[in-house]
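What follows is the residue order along each chain.
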Amino acid sequence: MTQTAAPLTPAQAFDALYAFAAPALVRQAYLLTGRRALARESVERAFQLAWQRWPEVAVDRDPAGWVRAAAYEYAMSPWHRLRLRHRVPEPPPAALDDRRLLSVLQSLPPPYRRTLLLYDGLGLGLPETAAETEASTPAAANRLLNARATVTARIPELAEEEELRRRLTELAGTELAGRERLRTVPKPVVVRTGGERRARLWTRAAIAFTVLIIGSTVFTLHTAPDHYEAPQAPAATVPGIPPRSGPGPLSLEDLELRTKLRNMFGKGPERLLPQLR
């Protein structure tokens, strides 16, 4: 009797997917971004997200494609331009052919670059390429034609479609044709624990934010007025009653009288001074 193999645990299945797809994904992300550290970071984040959603990824018809799409989305996010370390250019590959092709790829718009890599580099069909880049099939075909035209205009020796596919497949599927080694992301257990730690941090942050919102709401309800107070009407002048006001400036006669009184003997009228008899 033949014994059936025991089913893989979620961790074992994740580790197998990681070992199969991670090295090639790092090189593909490097072709998309031209940055080694960002390529490794993108693949690591994609696998962390895959581990957090493993029940969904495990039943997907193409788990490697799910992780690839997540890695590409993170790698090509425009927010990376705001990071200080991404403002400094990285050294290009040592091989001249690789350096030229990488430079041309970086000059393409991100959707064109991604479409060219998926179709000619990975061999995906046009409908699958359009679905992964969230475009219609005619739009994906137009992007592909424009990307090929730009590449062949800059590198004439890649004018043949098969030669362009061979070079992209070579760069996307090997460690830059064996000329440059790209350090891959950490071991799968490190990626899994990092994803779990990140999930806990986000959960705690969400709980703290919720508590803050509830506390602000309770404080507002406690301090808010519980009845309506009509605003006071503006002041109006009542006929026949002089308005309340402070003393005004002295007139000329008042000034003369004040001076006269101050100069009198005893500082006052004579009738108020005592008479000695």
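Bear in mind the structure is a predicted one, so any value in this text is a computation, not a measurement.

Conventions and cut-offs
Residues numbered from 1 in each chain as written. Predicted model: local features only at pLDDT ≥ 70, side-chain atom pairs only at ≥ 80, totals over all residues. Heavy atoms only, no water. Buried < 20%, exposed > 50% of the residue type's maximum accessible area, 1.4 Å probe, protein only. Helix = DSSP H or I, 4+ residues; strand = E, 2+ residues; numbered from the N terminus. Axes fitted to C-alpha atoms, helices over the stretch in contact; angles between N-to-C directions. Parallel < 35°, antiparallel > 145°, perpendicular 65-115°, else oblique. Left-handed = near helix turned anticlockwise from the far one by under 90°. Contact = heavy atoms within 4.5 Å. Nonpolar A, V, L, I, M, F, W, Y, C, P; charged D, E, K, R; others polar. Salt bridge = Lys/Arg side-chain N within 4 Å of Asp/Glu carboxyl O. Core = buried A, V, L, I, M, F, W, Y, C linked by side-chain atoms within 4.5 Å. pLDDT = per-residue confidence, 0-100.

Bringing helix H6 (residues 110-121) into the picture now. In an α-helix, one turn spans 3.6 residues, which is why side chains three or four residues apart end up on the same side. Most of H6 is tucked away: nine of the twelve residues are buried. Buried residues of H6: Arg113, Arg114, Thr115, Leu116, Leu117, Leu118, Tyr119, Asp120 and Gly121, and no others. One or two positions beyond H6, positive phi appears at Gly123, with a value near 80 degrees.

With that settled, the discussion passes to the packing of helix H1 (residues 10-33) against helix H2 (residues 36-52). At a closest axis distance of 8 Å, the pairing of H1 and H2 adopts a crossing angle of 150 degrees. When the interaxial angle is binned, H1 and H2 end up roughly antiparallel. In this structure, the crossing between H1 and H2 has a hand that is right-handed. Facing H1, whose interface residues are Pro10, Ala11, Phe14, Leu17, Tyr18, Ala21, Ala22, Leu25, Val26, Ala29, Tyr30 and Thr33, H2 presents Arg36, Leu38, Ala39, Arg40, Val43, Phe47, Ala50 and Trp51. Grouping the amino acids of the contact of H1 with H2 by side-chain chemistry returns 17 nonpolar, one polar and two charged.

What follows deals with the environment of Arg27. Tracing the chain through its elements places Arg27 in helix H1. Given the relative accessible area of 9%, Arg27 is considered buried. Between the alpha carbons of Arg27 and Val43 there is a distance of 9.8 Å; along the sequence they are 16 residues apart.

Once that is clear, we can look at the pattern of salt bridges. One pass over the full model with this rule turns up eleven salt bridges. The partner of Arg148 in a salt bridge is Asp120, and the shortest N-O contact between them spans 2.8 Å. In this pair, Arg148 sits in helix H8 (residues 137-154) while Asp120 sits in helix H6, placing the two residues 28 residues apart along the sequence. When sorted by exposure, Arg148 lands in the same class as Asp120, which is buried. Arg166 is the salt-bridge partner of Glu163, the closest N and O atoms lying 2.6 Å from each other. You can see Glu163 and its partner Arg166 sitting in helix H9 (residues 161-173), three residues apart, about one turn around the helix. Its relative accessible area of 41% is what places Arg166 among the partly exposed residues. The structure contains a network of salt bridges with shared partners spanning Asp98, Glu163, Arg166, Arg167 and Glu170.

Within the fold, Ala13 resides in helix H1. Through-space distance from the C-alpha of Ala13 to that of Trp54 is 9.7 Å; in sequence the pair is 41 residues apart. Among residues more than four places away in sequence, those in contact with Ala13 are Leu8 and Trp54.

Counting 47 residues, the largest nonpolar core has Phe47, Val67, Leu101, Leu116 and Val151 as its most contacted members. When residues of this core are traced back to their parent elements, those giving at least two are H1, H2, helix H3 (54-58), helix H4 (63-75), helix H5 (96-107), H6, H8 and H9. With eleven residues, the single largest contributor to this core is H1. When sequence neighbours within four positions are dropped, the list of residues in contact with Val67 reads Leu17, Leu25, Ala46, Phe47 and Ala50.

So, about unusual backbone geometry. Look at Glu134: it is not a glycine, yet its phi comes out positive at around 55 degrees. The topology assignment puts Glu134 in the loop between helix H7 (126-132) and H8.

Describing two packed helices takes the angle between their axes plus the distance from one axis to the other. Two numbers describe how H1 lies on H4: the axes approach to 10 Å, and their chain directions differ by 30 degrees. Considering the angle they form, H1 stands roughly parallel to H4. In the crossing of H1 with H4, the sense of the turn from one axis to the other is right-handed. Here Leu17, Phe20, Ala21, Leu25, Gln28, Ala29, Leu32 and Thr33 of H1 lie close against H4, whose contacting residues are Pro63, Ala64, Val67, Arg68, Tyr72 and Ala75. Grouping the constituent residues of the contact of H1 with H4 by class yields eleven nonpolar, two polar and one charged.

Moving on, we get to the confidence of the model for the protein. Close inspection of predicted coordinates is inappropriate for parts of the model with low pLDDT. A residue-level look at the protein finds 86% of positions with pLDDT of 70 or above and a mean pLDDT of 82. Within the protein, H4 carries the highest mean pLDDT (93), whereas helix H11 (residues 252-263) carries the lowest (81). This model gives residues 174-178 a pLDDT under 50, and the stretch forms 14 contacts once residues within four places in sequence are excluded.

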